[in-house]
Amino acid sequence: MNAKERAAASDQELVALAVRERTSPAGRAAASELLGRHRGRVYIWCHRYVRDHERALDLAQDVLLSAWRSLDSFQGRSRFSSWLFSIARNRCLSAVRAPEPMHDDDSELERVPDRGPDTESIVVGREEEQALVSLAAHHLDEVEQEALWLRCFERLPVEEITRLLDISGASGARAVLQSARRKLRLALDRRESGRS
Amino acid sequence: MNAHLDPARLDELQAAPPEDPRRVHVRGCARCRALLRAHDDFLGDAPAPAGARLADAERALGAFLEREIANPRPAPAPARPSWLDRLWAPAVRPAWAVAVAVLVAGGALLLMRSGDPRPVVLRGAPPVAPGSELELLAPRIEGDAVTLRWRAAHEADAYVVRLFSVGLEEVGRVGPTAQTSILVRLSQAAPGARRGEPLLYRVVALTRGDEIGNSALGTIPPR
């Protein structure tokens, strides 16, 4: 496959060639073309999380290299770009999860359980998560729920949530998140007082 | 269905009918809706966020992919022996013995025929020492673009420039070129190099792909 044919090939065709001839120059060229097509969107996605050009570039390199190394595991049941999204998302979540806490005023949101490293905390976390999902579903409107999960599970910055949910208003998603937090706290307090 | 969606297979939902259990789940699960929204945003054409330098990033990532995947660096070649080592390599020693023997015999012949005016011609030439080190000329620097220059090496048909960090780690390579200068855009040629640190470079002269000479290390001041 020459350069022209590579440029015209579909993602799936390039994946097949890259996996079949992994170590040959043709296979490597196919992988380079494939990942090159998506490099811009990977960089933009990484930048949304770290908000710094150099860090986003490092992270994007990491994502692309990781995709190249695990290309064998791509089973073709979804689009290649969706598979790449899952890699980019995991890398970005790891990058913002450790080592520093998230910097905004929504410290209460940090108490929403996250998947921890040890089994016990995972079990406890899942129970709490289910309870919170249930509480949120009963007490928050759709936008508040979605904003909350974009912040807590997708770890997106508040500005990005404002854009994604198309929230108007001066304080954007921050106001929505604060409202969600207040409602959730109230619901949690009621639940606790009902238990005691 | 209570399980959340698999982030790697979200696009399957597009083809799924409304009554598909996954679609039903998404309607009631804010977390999966958020994930789906993030996925669609990744695949969409949303503008780059403020502060992002997409064109720079695309160039740097393109160079990165080219270097790491399409044309990975070959394993480092074993160090070339010095010209003195090569002259005294075991395979060459018999030739030296013959040359010395011929010289001794020739000298003896000269002494015996000292009255004879005819010159004595020795067949073959002594081994030629490699040429002197490739000479670098001062580079021309205009921001990210640097023109590296050097004097032509005897018998060289191409040159390659290797770029190193101050820790002598190779961070890029440009060429080959048949000219005695090359324009290097540092952000493309050495995207992994640290800003604010000088870069080092060495010009390698080649003949039919074989390395025949090296320059000393030159310095490109910090950007």
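The structure we're discussing is the one just above.
Peer 1: With reference to specific residues and values, describe unusual backbone geometry.
Peer 2: Cis peptide bonds are those with omega within 30 degrees of zero, and the linkage from Gly175(B) to Pro176(B) qualifies with 10°. Inspection of the secondary structure assignment puts Pro176(B) in strand E4 (residues 170-177). At Arg51(A), a position not held by glycine, the phi torsion is positive, near 55°. As for its position among the elements, Arg51(A) is in the loop between helix H3 (25-50) and helix H4 (53-69). Phi is positive for Asp166(A), which is not a glycine, with a value near 55°. Within the secondary structure, Asp166(A) is located in the loop between helix H8 (158-164) and helix H9 (172-195).

Peer 1: Give me the lowdown on the packing of aromatic side chains, citing residues and values where you can.
Peer 2: Per the stated rule, a full pass over the model turns up eight aromatic pairs over all chains. With a centroid separation of 5.9 Å and an interplanar angle of 90°, the aromatic rings of Trp45(A) and Phe42(B) are classed as edge-to-face. Taken together, the residues Trp45(A) in helix H3 and Phe42(B) in helix H3 (residues 30-43) connect one chain to another. Comparing Trp45(A) with Phe42(B), the two get one shared label, buried. On the basis of an interplanar angle of 40° and a centroid distance of 5.7 Å, the ring pair of Phe80(A) and Trp83(A) is categorised as tilted. Highlighted residues: Phe80(A) and Trp83(A), both in helix H5 (residues 80-97), separated by three residues, approximately one helical turn. Given a relative accessible area of 1%, Phe80(A) falls into the buried group. Cluster of aromatic residues (ring-pair linked, three or more members): Trp45(A), Tyr49(A), Phe85(A) and Phe42(B). Here the basic side chain of Arg22(A) rests over the ring of Trp68(A), its NZ or CZ set 4.3 Å away from the ring centre. If you follow Arg41(A) out to its NZ or CZ, it ends over the ring of Phe42(B), 6.0 Å from the centre.

Peer 1: Report on the sheet that holds strand E1 (residues 136-142) of chain B, specifying residues and quantitative values.
Peer 2: Residue and element names in this part refer to chain B. With antiparallel pairing, the three strands of this open sheet are ordered in space as E1-E2-E5. Every interior strand has two partners, whereas the edge strands, E1 and strand E5 (181-185), have only one. Within the sheet, the average angular offset between the axes of one strand and its neighbour, ignoring direction, is 20°.

Peer 1: Give a detailed account of the pattern of salt bridges, specifying residues and quantitative values.
Peer 2: Residue and element names in this part refer to chain A. Counting across every chain of the model gives 18 salt bridges over all chains. The closest approach of N and O atoms between Arg37 and Glu33, which form a salt bridge, is 3.2 Å. Within this pair, Arg37 and its partner Glu33 are both found in helix H3, separated by four residues, close to a single helical turn. In this structure, the salt-bridge partner of Arg91 is Asp62, at a minimum N-O distance of 3.0 Å. Taken together, the residues Arg91 in helix H5 and Asp62 in helix H4 connect sequence positions 29 residues apart.

What counts, and at which threshold
Residues numbered from 1 in each chain as written. Chains lettered and ligands numbered in written order. Predicted model: local features only at pLDDT ≥ 70, side-chain atom pairs only at ≥ 80, totals over all residues. Heavy atoms only, no water. Helix = DSSP H or I, 4+ residues; strand = E, 2+ residues; numbered from the N terminus. Phe/Tyr/Trp six-rings, centres within 6.5 Å; stacked < 30°, edge-to-face > 60°. Buried < 20%, exposed > 50% of the residue type's maximum accessible area, 1.4 Å probe, protein only. Lys NZ or Arg CZ within 6 Å of the ring centre and 35° of its normal. Pairing = 2+ DSSP bridges. Axes fitted to C-alpha atoms, helices over the stretch in contact; angles between N-to-C directions. Salt bridge = Lys/Arg side-chain N within 4 Å of Asp/Glu carboxyl O.

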